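So the chains spell out like this:
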Amino acid sequence: MFCLVGATDPAWAKEAVKDLDAVLVDHAHCEMKAATNALSLVVRHPQDLTLVRALTELAREELEHFQRVVDFLERRGLALGAPPVDTYAAELRKATHASDVSPIVDRLLVGALIEARSCERFKLLLGEDVPADLRPFYEELFACEARHYRTYVDLAIAAAGGDEASVQRRLHVLAEREGAIVRALAAKDERASVHG
Ligand SMILES: [Fe+2]
Ligand SMILES: [Fe+2]
């Protein structure tokens, strides 16, 4: 899907729906991290008003998603708890270290990859027997995170001075790394999570 190199094993969704409570808790934290990551990019690049506007809007939507997932948690009597260790995002960020690509381009492309993987996972969940109240929410998120993917790629192209070809090449390199991270995490026997 989109730029992704490695598809998620369909077994992920079968396991995820068996432990949807854990997925929902993890999902809430993912939405909060998506918002804070977008805002941290805004704080670092205040001179770029196109980026500032696009990412504050994106962060606003992620915060709204967070609030809605919290509502689902509350209705199910689940606690939000402390954020879990996010190996996926940490490994993905490591992939951008020691590169000669501009840090802002890499950070925007990491954002794009996380959005793309989220979309893929929502689509897989929608192929399973998810509760009726969650289905329309996941459908809406699929469309919204797809839009966020595009926002990040467009901002990366702008940050690279319009050099779309170089951005697509770099995106492919990072996507290969992301696919390897996803495969390594899938091999671990951990609780269900959005990106694990
Ligand atoms: Fe979101
Ligand atoms: Fe998003």
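Data block above holds the structure.
Below, the structure is looked at part by part. (Residues numbered from 1 in each chain as written. Chains lettered and ligands numbered in written order. Predicted model: local features only at pLDDT ≥ 70, side-chain atom pairs only at ≥ 80, totals over all residues. Heavy atoms only, no water.)

Some details on the packing of helix α2 (residues 20-44) against helix α5 (residues 103-126)
Packed helices, taken two at a time, are described by their axes: the angle between them and the distance between them.
Then step 1. It is the contact of α2 with α5, at a shortest axis distance of 12 Å, that shows an interaxial angle of 160°. As the angle between them shows, α2 and α5 are arranged roughly antiparallel. With respect to the hand of their crossing, α2 and α5 are arranged in left-handed fashion. Between α2 and α5, the residues in contact are His27, Asn37, Ser40, Leu41 and Arg44 and Ile104, Arg107, Leu108 and Phe122, respectively.
Then step 2. Of the residues in the contact of α2 with α5, the class split is 4 nonpolar, 3 polar and 2 charged. (Axes fitted to C-alpha atoms, helices over the stretch in contact; angles between N-to-C directions. Helix = DSSP H or I, 4+ residues; strand = E, 2+ residues; numbered from the N terminus. Parallel < 35°, antiparallel > 145°, perpendicular 65-115°, else oblique. Left-handed = near helix turned anticlockwise from the far one by under 90°. Contact = heavy atoms within 4.5 Å. Nonpolar A, V, L, I, M, F, W, Y, C, P; charged D, E, K, R; others polar.)

What about the pattern of salt bridges?
Side-chain pairs of opposite charge can arise whenever the charged atoms involved come near each other.
Then step 1. For the structure shown, the criterion picks out 15 salt bridges.
Then step 2. For the salt bridge of Glu57 with Arg60, the shortest nitrogen-to-oxygen distance reads 2.7 Å. You can see Glu57 and its partner Arg60 sitting in helix α3 (residues 49-75), 3 residues apart, about one turn around the helix.
Then step 3. Since its relative accessible area comes to 48%, Arg60 is described here as partly exposed.
Then step 4. Arg117 is the salt-bridge partner of Glu178, the closest N and O atoms lying 2.6 Å from each other. (Salt bridge = Lys/Arg side-chain N within 4 Å of Asp/Glu carboxyl O. Buried < 20%, exposed > 50% of the residue type's maximum accessible area, 1.4 Å probe, protein only.)

A closer look at empty space enclosed by the protein
Then step 1. All chains considered together, the criterion is met by 1 cavity of 30 Å³ or more.
Then step 2. The volume enclosed by the largest cavity comes to roughly 40 Å³.
Then step 3. What lines the largest cavity is Asn37, Arg93, Arg107, Val110 and Ile114.
Then step 4. Of all the elements, α5 adds the most residues to the lining of the largest cavity, at 3 residues. (1 Å grid on protein atoms, 1.4 Å probe; cavity = no way out; pocket = protein on both sides within 12 Å on 5 of 7 lines; lining within 4 Å. Points joined across faces, edges and corners; volume = space filled by probe spheres on them.)

Notes on the coordination of the iron ion (ligand 2)
Geometry reference: four tetrahedral donors at a metal, ideal angle 109.5 degrees. Six octahedral donors, ideal angles 90 or 180 degrees.
Then step 1. Here the iron ion (ligand 2) is held by Glu62 (OE), Glu115 (OE), Glu115 (OE), Glu145 (OE) and His148 (ND1), and the distances to it run 1.9 to 2.4 Å.
Then step 2. If you list the donors of the iron ion (ligand 2) from N- to C-terminus, the spacing comes out as E-x52-E-x29-E-x2-H.
Then step 3. Between the iron ion (ligand 2) and the iron ion (ligand 1), a spacing of 3.7 Å is present, and a bridge between the two is formed by Glu62. You can see Glu115 sitting in helix α5 and its partner Glu145 sitting in helix α6 (residues 135-159), a full 30 residues away along the chain. The exposure classification of Glu115 matches that of Glu145, with both residues buried. (Donors = N, O, S within 2.8 Å, 3.2 Å for Na, K, Ca; no water.)

All we've got here are geometric facts, nothing functional implied.
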